[in-house]
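# Structural description and commentary
In case you want the letters, here they are:
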Amino acid sequence: MVASEAGDPMRLLTRASVIAAGRRSRWVVIAVWLALAMLALPLQAKLDERAADESETFLVRGSESAAVKRIVDERFRRGSETAAVIAYFREGGITADDGRRADTDALALCGSGAIPNLTMVATPYQRACGETDPLDMSAGGSLLTSPDDTVILSTVLMTDDSTPDIEQAVAAIREVVPPATGDESGLRAFVTGRAGFEADRQAALGGINGTLLAVTVAVLLLLLLVTYRSPLVALVPLAVVALAYLVTSGLAYGLVAAGLTDISGQTTSILVVLMFGAGTDYCLLIVARFRDELRRTRDVEEAMVAAAQRTAPAILSAGAIVVGTMMVLALADFNATREMGPILALGVAIMVCAGLTLLPAVLTALGRRAFWPAVPRLEPESAPAVTFWGRVAGLVHARPGVIAAAVTAVLAAGALAGIGGRPALDFSESFREVPDSVQGQQVIRDHFIPGRAAPLRIVVADEVGGKVQSALTEGTHTPVADMHAVARSAGADGLLIFDADLRMDPFSEQSTDAVPVLREVAERAADGQTVLIGGTVAENYDARQALGRDTRLIVPVSLALILVVLALLLRAVVMPLYVIATVILSFGFALGVSSLIFTHLLGQPASDPNLPIYAFIFLVALGVDYNVFLLSRITERRRQHETRRAVTEALERTGGVITSAGLVLAATFATLMVLPMEALFQIGFVVTLGLLADTFLVRALLVPALAMMLGERNWWPFKRTATPG
């Protein structure tokens with residue numbers, strides 16, 4: 001669809017691309033983008049620093065576990081304490097020398113000054129440092145020595161749960177204690193607990209953006225070189241995206257610093273992938289059309305103006321779909337999902353602006369030299385040669401019903417493979433290589449009460465604390481093995497903190513499932529008084545519930561938004577409906593087939609709880625996004641031909657560039673699979689598989705086949721009359 005059909009707002013936005021290609025204005029545009037990128041460069045590092053603190057990222061807005069953390073932070077003298085648990089282990093049994101080593105290590109940690117906001121270090125035999133609190137039972141020998149005398153625990157408490165401080169503390173502890181592989185005497189030590197888990201997670205993600213950026217750029221450069229056989233035109237889109245990424249980082253830091261949103265390492269990683277993948281694709285459309293126009297005219301500026309007028313509306317519409325869908329994520333209750341939306345939307349919006357202004361400016365400045373050595377030459381008008389995509393278009397034109405039925409059957413069969421779902425990943429399955437903290441948690445699980453590694457944190461009114469304790473620990477109706485008071489609130493509100501150890505692995509699905517029962521029992525015992533259950537296990541439960549609620553809200557809102565944008569773009573209702581249906585089908589196919597592969601080939605039957613909603617957002621938004629490029633060309637050709645011929649010509653002329661764009665995006669998301677976190681591996685795998693299915697089955701075969709079958713009915717309720725020309 002060209003600008004004259006797009007309405008005044010679209011025409012104005014398209015005009016920006018035309019202005020950017022001007023003889024003088026191109027240099028102004030380039031200078032402005034370079035200046036913005038230079039100003040934003042120092043802020044990119046600051047953004048990464050803010051993203052490193054994920055202490056609030058995996059909480060749920062308005063949840064009971066988040067309320068526990070807030071109350072502890074605000075009302076208790078020591079605030080929200082984070083524990084690092086040191087598990088000293090000797091298979092033949094802990095010796096007196098081992099006990100002395102634990103005490104010596106504790107004293108060394110107290111005096112090192114390397115642990116931020118240290119409040120206590122305790123072993124089974126002494127409190128090496130820290131205030132004495134009669135309620136604090138964490139230094140009791142009975143709680144810190146395993147029944148079989150093979151493990152003793154030391155506890156290091158800090159009043160700060162910011163991720164950078166936790167990383168510093170755990171690194172300092174590991175410098176002092178024996179290694180997990182054992183010292184010369186055979187004593188082994190594992191640093192686990194909440195602090196150990198968080199530090200190991202951050203270590204696994206350490207340098208993630210640099211790794212992603214390097215792999216992504218290498219993959220994209222290779223694909224662009226193969227596609228265009230020109231080093232310069234391969235580098236130009238990457239340079240444009242890189243400048244847009246820097247500008248986005250600077251603006252994102254401004255939003256975070258102003259308190260308008262938060263950011264996590266997960267968000268910055270996906271921002272890299274999304275901007276370089278989608279951004280390169282937007283650039284590809286302009287580059288391909290610019291090359292075609294250079295074959296029709298000698299004037300470089302004229303060629304860019306024509307290319308911009310024909311591609312800008314499609315890019316703006318596609319970008320609007322992605323931006324809008326990402327903004328829908330802001331409706332989520334789960335912090336990690338909600339904070340991702342505005343940042344990703346900002347990145348795509350900036351990328352669209354760069355693609356429509358900076359790229360035309362750079363390409364017109366370079367002229368035909370951008371394509372060296374495969375420089376496009378003027379070509380006389382002649383009958384086009386038969387190409388691969390011409391043969392594909394001919395096949396779809398000849399047998400649309402057969403092709404539509406076959407592709408639908410394949411996608412539906414793959415989607416059915418995902419029926420029944422998969423269990424959630426527990427913490428030990430989150431790493432592709434088992435870290436120190438997981439090994440320590442397994443040692444505690446095998447030799448102690450399993451829940452000792454991550455106790456529930458219960459805030460309760462002092463006057464009913466005993467009743468709640470009895471209700472949760474007596475009898476067999478609850479899975480709490482032990483519960484002890486650890487602190488009293490600093491004010492006059494009369495609140496107690498209890499730590500409760502479960503009988504089962506605290507990171508298992510069984511423990512998560514027990515949370516609502518425990519809350520019900522505690523509320524009955526409290527008889528209307530304050531009682532709240534938080535801690536890691538409760539946070540996992542609240543997150544799982546929130547993800548379910550978020551999915552039920554975000555999915556329909558996203559689909560409604562996409563439907564409205566497509567209906568406005570195409571001025572039709574039928575075509576938008578089946579385009580969305582086909583993309584949903586490819587999403588189901590990706591989820592189902594990946595479930596089979598994860599379970600039966602990769603030996604990982606468990607799934608990250610975030611996977612369905614993240615895969616849906618990226619596959620549906622980006623799948624529709626790239627269908628827009630095909631549909632825009634169909635509507636453009638429809639002004640001259642009837643629908644079936646318009647579809648045939650659009651598929652023939654755009655098949656190569658749109659498929660290249662799909663491969664670029666799939667390859668970009670595939671870079672997530674090089675990372676050591678199972679959740680990011682799964683997201684990368686599913687989205688890559690879905691994008692490949694969408695590229696080669698949906699966009700190349702199914703959508704054109706359906707469009708040909710429906711003919712003029714595609715445009716219902718509006719009628720269009722072709723104008724031969």
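As a reminder, the structure under discussion sits directly above these lines.
Summarised in this report is the structure supplied together with it. Because the structure is a prediction, the values reported are computed rather than measured. (Residues numbered from 1 in each chain as written. Predicted model: local features only at pLDDT ≥ 70, side-chain atom pairs only at ≥ 80, totals over all residues. Heavy atoms only, no water.)

## A few points about unusual backbone geometry
Most peptide bonds take the trans configuration, and most residues that are not glycine carry a negative phi. A cis amide bond links tryptophan 372 with the next residue in sequence, proline 373, at an omega value of 5°. Residues other than glycine seldom take positive phi values, yet asparagine 117 does so here, at roughly 55°. Counting through the fold element by element, asparagine 117 comes out in the loop between α5 (96-112) and β2 (118-122). The phi dihedral of aspartate 527 is positive, around 50°, even though this residue is not glycine. As for its placement among the helices and strands, aspartate 527 is situated in the loop between α18 (509-526) and β9 (531-534). The exposed category is assigned to aspartate 527, whose relative accessible area is 64%. (Helix = DSSP H or I, 4+ residues; strand = E, 2+ residues; numbered from the N terminus. Buried < 20%, exposed > 50% of the residue type's maximum accessible area, 1.4 Å probe, protein only.)

## Some remarks on the sheet that holds strand β4 (residues 151-158)
Strands sit in the order β3-β2-β4-β1-β5 across an open sheet of 5 strands; the sheet is antiparallel. With partners counted over all chains shown, the strands left at the sheet margins are β3 (127-130) and β5 (188-192), one partner each. For this sheet, the mean inter-axis angle between neighbouring strands, taken without regard to orientation, is 15°. Relative to β5, strand β1 (residues 82-89) runs antiparallel, the two being bridged by 5 bridges. Following the sheet pairing, valine 85 is matched in β5 by threonine 192. (Pairing = 2+ DSSP bridges. Axes fitted to C-alpha atoms, helices over the stretch in contact; angles between N-to-C directions.)

## Remarks on a nonpolar patch on the surface
Taken together, the side chains of Val28, Val32, Leu36 and Leu39 make up a nonpolar region of the molecular surface, amounting to roughly 370 Å² of accessible area. Along the polypeptide, valine 32 turns up in helix α3 (residues 25-52). Here valine 32 falls in the partly exposed class, since its relative accessible area comes to 42%. (Patch = residues over 30% accessible without salt bridge, like charges linked within 9 Å, V, L, I, M, F, W, Y side chains within 5 Å. Areas by Shrake-Rupley, 256 points an atom, 1.4 Å probe, with all protein chains shown as cover. Salt bridge = Lys/Arg side-chain N within 4 Å of Asp/Glu carboxyl O.)

## What about the layout of surface pockets?
Approximately 430 Å³ is the volume found for the second largest pocket. Lining the second largest pocket are 20 residues, with Arg422, Ser607, Asp608, Pro609 and Pro612 sitting closest to its centre. Along the lines of polarity and charge, the residues of the lining of the second largest pocket split into 8 nonpolar, 8 polar and 4 charged. (1 Å grid on protein atoms, 1.4 Å probe; cavity = no way out; pocket = protein on both sides within 12 Å on 5 of 7 lines; lining within 4 Å. Points joined across faces, edges and corners; volume = space filled by probe spheres on them. Nonpolar A, V, L, I, M, F, W, Y, C, P; charged D, E, K, R; others polar.)

## Quick word on the environment of phenylalanine 276
Along the chain, phenylalanine 276 falls in helix α11 (residues 265-294). For the pair formed by phenylalanine 276 and valine 664, sequence separation is 388 residues and the distance between their alpha carbons is 9.2 Å. Those residues in contact with phenylalanine 276, other than ones at most four positions away along the chain, are Leu213, Thr216, Val217, Leu220, Leu238, Val241, Ala242, Tyr245 and Thr668. (Contact = heavy atoms within 4.5 Å.)

## Thoughts on the state of the cysteines
What is meant by a disulfide is a covalent connection between two cysteines, made through their sulfur atoms. All told, the structure shown has 1 disulfide when counted by the stated rule. Cysteine 110 shares a disulfide with cysteine 129; S-S distance 2.0 Å. Judged by the torsion about the S-S bond (-80°), the cysteine 110/cysteine 129 disulfide is left-handed. One end of the pair, cysteine 110, is in helix α5; the other, cysteine 129, is in strand β3, and 19 residues separate them in sequence. (Disulfide = S-S within 2.5 Å.)

## What to know about the packing of aromatic side chains
Counted under the stated rule, the structure contains 11 aromatic pairs. When the ring of phenylalanine 618 is compared with that of phenylalanine 669, the centres are 5.4 Å apart and the planes differ by 55°; the resulting orientation is tilted. Linking phenylalanine 618 in helix α21 (residues 611-638) with phenylalanine 669 in helix α22 (residues 643-670), this pair joins segments that are 51 residues apart in sequence. In this structure an aromatic cluster arises from ring pairing among Phe598, Phe681 and Phe685. (Phe/Tyr/Trp six-rings, centres within 6.5 Å; stacked < 30°, edge-to-face > 60°.)

## A closer look at the packing of helix α19 (residues 536-570) against α21
The contact between α19 and α21 brings their axes to 11 Å, and the two run at 5°. One element, α19, and the other, α21, form an angle in the roughly parallel class. Here Leu547, Asp550, Thr551, Ile554, Val555, Ser558, Leu559, Ile562, Leu566, Leu569 and Leu570 of α19 lie close against α21, whose contacting residues are Ile613, Phe616, Ile617, Val620, Ala621, Val624, Val628, Leu631, Ser632 and Thr635. Of the residues contributing to the contact of α19 with α21, the split by class is 16 nonpolar, 4 polar and 1 charged. (Parallel < 35°, antiparallel > 145°, perpendicular 65-115°, else oblique.)

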